[in-house]
Amino acid sequence: MASKSQNIFLTEMNDALDASLLKRRSRDKMEFLRTLTLDMSSDEDEMHIEVLDSPVFEEDVDATPDEIVSIFTDNLLRIAADRLDRLAEQSDICWKKMNDLEEKAQAFLARRRRLKSRYTEIENCLDDNDMSFFRSPFFYEEDEQPVRPHRRMSSGGIVALRVDRQLNTVNSTLAELQRNLQMLESRLKKIHRQAKILLVSIIKFTNSGADNRGHKLPSRATLPVFANLVTSLFKTTRVQFQIDRCKSGQTTFTIPLRQNDELHTILTIRNDRIFSSDMYDEPLFSLIGLCSFCKAKRGIMFTSEHGLKLPHRARKIIQGSADVEILVVFAEEIINELPSEPEVVQSLLATFQEYLEHPAFKIPKSIKPPPRKNKKILHKEVASPAPLPKKHVKTVKPKKPIPKQLTLPSKPPSPKPATAPPRKRIPEFIKPEPKQKPRPKTPPLPLKQSSPKIPSPKPSPKPSPKPQMTKNQAMLKPEAPKEPVVYSDEFNDKPCSGTVKWHKPFRPEHDARALRKAMKGIGTDEKVLVNILCRRTSDQRLAIGVKYKSALGRDLAKDIKSETSGNLRKVLLGLLIPFEEYDAKLLNKAIKGLGTDEDCLIEVLCTRSNKQISAAKEAYKRMHNKELEKDISGDTSGCLKRILIALSNANRSLTKEVNMTDAREDAQVLYNAGEKKWGTDEAKFISIFASRSPAHLRAVFSQYEKEYSKDIYDSITDEMSGDIGKTLKAIIACIRDRCEYFAGVLHKAMKGLGTADDKLLRVIVSRSELDLVEIKAAYNNKYQTSLENSIDSETSGDYKRALITLITEQKESDMPEEEPDEWIEATQFIDSQSFSGTVKEWPNFDSESDAKVLRKAMKGLGTDEDSIIAVLCCRNNFQRQEIKSKFKTLYGRTLAEDLKSEVGGNLGTVLVDLLAPENEYDATLVRNAVKGLGTDDQCLVEVLCSRTCLEVEACKKAYSRLFKRSMEEDVKSDTSGEFRNLLVSMITAAREESDRVNITEVKRDAKALHEAGELKFGTDEEEFNIVLATRSFPHLKALFDEYLRLAGKDLSESLNSELSGDFRNGMKTIVSCVRGRHGYFAEVLNKSMKGLGTDDDALLRVIISRSEKDLTQICKAYQDKFGNSLADDVKGDTSGDYQKALLALILGPDSLPKSSAVIAPPSEPDEFVDATPYIVQQQGDGTISDFSNFDADKDANALRKAMKGFGTDEDAIINVICKRSNQQRQTIAAQFKTLHGRDLISDLKSELGGKLLQVILMLMQPIDEFDAHQIKKAVKGLGTDDDCLVEILCTRNSEELANMKACYERLFNVDMESDVKGDTSGNFAKLLVSLMNASRDEVTDNKINITKVKSDAKNLYEAGEKKLGTDEEEFCLVLGSRSYAHLNAMFEEYEKLAGKDLIESIGKEMSGNFKSALKTIVQCCKDRQQYFTSTLHKSMKGLGTNDRTLMRILVSRSEVDLATLKLKFQTNYNSSLEDFVKGDTSGDYRKALLAIVAGNNS
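Calculation rules
- Residues numbered from 1 in each chain as written.
- Predicted model: local features only at pLDDT ≥ 70, side-chain atom pairs only at ≥ 80, totals over all residues.
- Heavy atoms only, no water.
- Helix = DSSP H or I, 4+ residues; strand = E, 2+ residues; numbered from the N terminus.
- Buried < 20%, exposed > 50% of the residue type's maximum accessible area, 1.4 Å probe, protein only.
- Contact = heavy atoms within 4.5 Å.
- Areas by Shrake-Rupley, 256 points an atom, 1.4 Å probe, with all protein chains shown as cover.
- Phe/Tyr/Trp six-rings, centres within 6.5 Å; stacked < 30°, edge-to-face > 60°.
- Lys NZ or Arg CZ within 6 Å of the ring centre and 35° of its normal.
- pLDDT = per-residue confidence, 0-100.
- Axes fitted to C-alpha atoms, helices over the stretch in contact; angles between N-to-C directions.
- Parallel < 35°, antiparallel > 145°, perpendicular 65-115°, else oblique.
- Left-handed = near helix turned anticlockwise from the far one by under 90°.
- Nonpolar A, V, L, I, M, F, W, Y, C, P; charged D, E, K, R; others polar.

Q: Please explain the overall build of the chain as it appears in this structure.
A: The number of helices and strands found in the chain is 69 helices and 12 strands. Considering the chain as a whole, with its 1498 residues, one finds that 50% of them fall into the buried category. For the chain, restricting intrachain contacts to residue pairs at least 6 apart in sequence, the fraction spanning at least 24 positions comes to 77%. Accessible surface computed for the chain: about 70,000 Å², of which carbon and sulfur atoms make up 50%.

If you want it as structure tokens, here you go:
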């Protein structure tokens, strides 16, 4: 088919000829043709530029238009032939240079092998301390002459260094040779491409001969001219071609076709003027003899038409060819005479191409290429083309069936193997490259002899044809219909197993000790690291890492990183993290920095399941604080980006049932998008490959091959190039056999010069526990060698040992048996004493009353400290949290901030600290200890060494939440040495907890501590850290007794003598807490008040943190140990209100003066009534609900179609998005990304604009994110949209507000309350803060407190109408915290009391945004739908339209109660909502709003 540029060329040329524009005798004729040809070849794919630079006319001639065109055509053919000859010469030169370089490379490879062998021998001698080798002569590799070692060369290390330097030199030379080879190969590819472009351009030019208006392009190019072109092209592609002249005068073209230097087919093209039936004998015998002599398996003869039937004698000759398959092709009226027209060239080319595309033109697997020396043939595999038309092929049709392997009647048939042969690629000079497609990067040319390239994955083997049928007959006989096959995903999910299995017995501490010993001191024992980490599962390695940190206070990954290097370090570090984090690490490494590792992205995303990809995405965001899809989008482009994003969406169907009709339709879609059309529609491939289930895809692949006689893998090879082709082929390979795919990846990683270590270890580490056993088997079957042998030849040293260990399957019989230990119950070591705090739950607790007392104590001039102390020091922590929340709800203020502003000094510190939850208080203590200059080591020891594991874990989470930092990293940066290791161990919070005590372990630990301290010169502090930081308290108590028996002294004495500094304090703190925390804290309290001055920080720390746990027992221990009561000592060291607060915490409420805040007043019974009359039903009907017959795929395709190409179909977008529910829209967005690899929101932003875009984006936001986005928009930038804040915050219930706050923080990483407070002020800000606290009262037991209702009505009346001025705080308190039923009852009571409606009072007493907010709350309590109806009317009333309000209400209420709002609107304003929208909007924006109002219910 002629291209668009060719058609334009021919049309313009014919127009010019008809107008006789070329009849003028001037040079304009040549320039005109040049211009048209330039237009035709602007993309440099139609005609080589050098053709244009050659002269078309040597002189100005007088010629007709047809003659001008003929001369022009002949010149083009002649110039192209000359150019092809030059390209062939350049190709020969390149091949000669490449052969020379390869010979040199082979020599250097042999030398490198010798050096490696010598280096290994040196290593072995050094390991065995055998110095005899170094006393004997060794050889320098440069001259192979024996040389004695230098007299000072006494160490084998010097010898090894010399060999290592020689190795480096050889490797550098090999690298340079490889670069040169790559340059030459690139040059060859360029030459080949230029030749192909020339020939294809001429063929296209000639094919367009008979075109518009009957004009033809006559040419003097005969068949020999064309043969010269083909000859030159064959030379450039290293396929020999020759022309012979027969004695009878016929012209015969003989083409020996080769692959990998093996002659497999001989093609003859006979061109006879006279051809009789008896003249078949000589050419057939010649062809058979030539095939036998050249050892070719197949012979093909193109011949002229002779009745389209072979004579009987010729058929007998063909049947007698026992070892050669003969095929005769009749080219109808093509070669009946010596041609003189270009159409003959076209026909011959078409016939030749059709033959090559036939499935019979394949190389059997049984034919193996012979060994070659330094010969490299550019060979690529492509798909098998379409079948040959029957009219061009005639085969022998004997009366009896002929066996597949043709034999003489006297010889028995020789069956061929049943394996499916690989497909032969169409020569590239016949099939032009698709236009405007990225070309794949040139792979490096391997230097050493390697196995053939990995063939395309094959489908399930088909039954071989019956042995009675020849290949010629099979070529014409249609394939018999097959029974439908039911595919399921189980076909691919074969039972798989990894080589790494759970190791027994598993003791993480023993492994941690061994790893630390291997890395401690000078040097590293890599064998130990490999034997442990490469023989444990991922869960076991993670457990070892936790134990390593908890026992030693060190990070295992960091230690390995500092002690190892190279590829061994990569392997070990990869083993230490979970699989999802390993995948996330691979993806980040492939993306970050300059360039992108597309192979890694393809391998990870194409081979992982939905669950694995989702886990990797979560790990990626957690580790790098970035979205994987955004990073992929930023580092890739085009089709690759789209398919990778689609795969990363992890939305592939997982159904195991297959609808064969759908499979056939998908196969047809793929064929129409690829083979059938000019160019390729990659979007169709991406849509199907990224979303269909594995079972469905296997059915599609089978149907594709069945319907179109071509494997889908080969079609993609033909139609696509570059990374998109790699990705699709990787998906095909994984769908068919994932293990075989990984075997191919491993082979490719080790093929050729050098090893792709990243790829090698990536596969082995990630598959070691999944299916590496099956991958090994697939590797062995496919490449006839074991994976172990390949790794052994390509790697060395500890890196090789690690890989071999990982791929060696572990068996339970190889694992040692565990020796039983002696266990006893831990009850005898557990203190059964009960603990109690001094601060207990306050009876008759009322958070609102306490909040009012606190507000009253701090309001106005002066502060009532006694009331504050009475409330906060006599309530437990849970009650204080309720008071704090109620205070914010009632007054829109933060209690802690008010206390800081009203109370100072130590009293202020006490009161603020009491407001913090326990975990946040500990986190604050740790933060203050490490913040700023210096470190409070005593505080760190007290907090971290005295808390339980659960308390430390809660403290870590609170630290991260409050300060957005890692507590472990902060502590490590402010401490050092063994003290740092101890604190890290405690932060790990991995102390053992068990109901039993291992007596065997106790004795072992006691002995280890004794040997690490008393019996050793110096002290092994790590041993003390391992035991005291990880053992359970019952275990340690038993250990103290055992240590006393063994060493004859208490462990505390040994700690004092053996340890020092903060590390000793930490160890002693642990020992003291094991024996009894009460005594330890009593000592801390005594020390804080002992001597001059008082350590208030320590005093407060202990009293506040222990006041609700065991302060009663601490006071008793203090009395017993020091003879004074804790209260007396506190009185002596403190004073004032600070003293009152501490004594209240120590002694309880009895130490405070009697007041209403201390003594709970007798509660009077309140009157409760039924809440039903005051509950207003706020539910309604939305206009949009779940769309019936919803099809996400169909909608996603419709949206893509609406936005694809020039222009946008806004109506289609509106019809889909405005007619689906929110949940369905989210499904469409996810499916859009899966099918098309594109982000729907980004596409909408690029295609739409104005208000329509705003509406569509609002609809696409998830429900829980919609309000958060609106709030952010209201406070962002200059100015604040107060109406938006009022509308959203005053109309949502507590649950909706709580979800909104959480979503706001997740989306924008900032607190919503802080943003709103920063953009508002005064009573309006307080009211909004009160609402955002989401603590509005709820109706319980369907009752409301009518006593409180009357009290609230009275308070509001007195705060407003009855008072000069207004107490806005009272209005904020009541309207911002009471339940809706309570407020409705209160409105009635207020109207009775004041004689007017509350809204009238608010309008009179309030102003500004505060008034608007209060009125909104009142209106929503009475009738929320009425409020939204009036707001909608207000947004469109008068001049102009408040579009933001209009869009916000229509979108937010569309699925809630918009249908109800429409009815109310009609009733209230005697006009429909649709009419108002039509009158105030226009264009597509109006269509969208009307679609929302109309809904999809109809």
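Back to the write-up after that little detour.
Q: I'm lost on the packing of aromatic side chains in this one. Help?
A: The geometry of an aromatic ring pair comes down to the distance between the two centres and the angle between the two planes. Per the counting criterion, the structure on display carries 17 aromatic pairs. Pairing Phe685 with Phe689 gives two aromatic rings, centres 6.2 Å apart and planes at 40°, and the pair type is tilted. Here Phe685 and its partner Phe689 are both found in helix α23 (residues 682–691), 4 residues apart, which amounts to about one turn of the helix. As far as the burial class goes, Phe685 and Phe689 line up, both buried. With a centroid separation of 5.0 Å and 65° between ring planes, the pair formed by Tyr1304 and Phe1308 is classed as edge-to-face. Of this pair, Tyr1304 and Phe1308 both sit in helix α58 (residues 1294–1308), 4 residues apart, which is roughly one turn of the helix. Members of the aromatic cluster, connected to one another through ring pairs, are Tyr671, Tyr704 and Tyr708. Between Arg1075 and the ring centre of Phe1040, over which it is positioned, the NZ or CZ distance is 4.8 Å. Above the ring of Phe1308, the side-chain terminus of Lys1272 is found at 5.4 Å from the ring centroid.

Q: Sorry if this is basic, but what is going on with helix α16 (residues 566–575) here?
A: Residues separated by three or four positions in an α-helix point in the same direction, a consequence of the helix having 3.6 residues per turn. Across the 10 residues that make up α16, a large majority, 7, are buried. Taken residue by residue, α16 has Asn567, Leu568, Val571, Leu572, Leu573, Gly574 and Leu575 as its buried positions.

Q: Explain the confidence of the model for the chain to me, please; I cannot follow it from the model alone.
A: Any segment with low pLDDT has predicted coordinates that should not be analysed in fine detail. Per-residue confidence for the chain gives a mean pLDDT of 76; residues scoring 70 or more make up 71%. With pLDDT under 50 throughout, residues 204–251 is counted as low confidence; its partners more than four residues away or in other chains account for 116 contacts. Predicted confidence is poor over residues 331–349, with pLDDT under 50, and the contacts of this stretch with residues over four places away or in other chains come to 45 contacts.

Q: Would you take a moment to explain helix α47 (residues 1096–1106) for this structure?
A: Of all 11 residues that make up α47, 9 are buried, and the element is covered over most of its length. Here α47 has its buried residues at Ala1098, Leu1099, Leu1100, Arg1101, Val1102, Ile1103, Ile1104, Ser1105 and Arg1106.

Q: Sorry if this is basic, but what is going on with the packing of helix α18 (residues 598–607) against helix α26 (residues 722–750) here?
A: How two helices sit against one another is set out by the angle between their axes and by the gap between those axes. With their axes 9 Å apart at the nearest point, α18 and α26 run at an angle of 60° to one another. By the angle class used here, α18 and α26 are oblique. The interaxial crossing formed by α18 with α26 has right-handed handedness. On the side of α18, the interface is formed by Glu598, Asp599, Ile602, Glu603, Cys606 and Thr607, while α26 contributes Asp723, Lys726, Thr727, Ala730, Ile731, Cys734, Arg738, Tyr741, Phe742 and Val745. Grouping the amino acids of the contact of α18 with α26 by side-chain chemistry returns 8 nonpolar, 2 polar and 6 charged.

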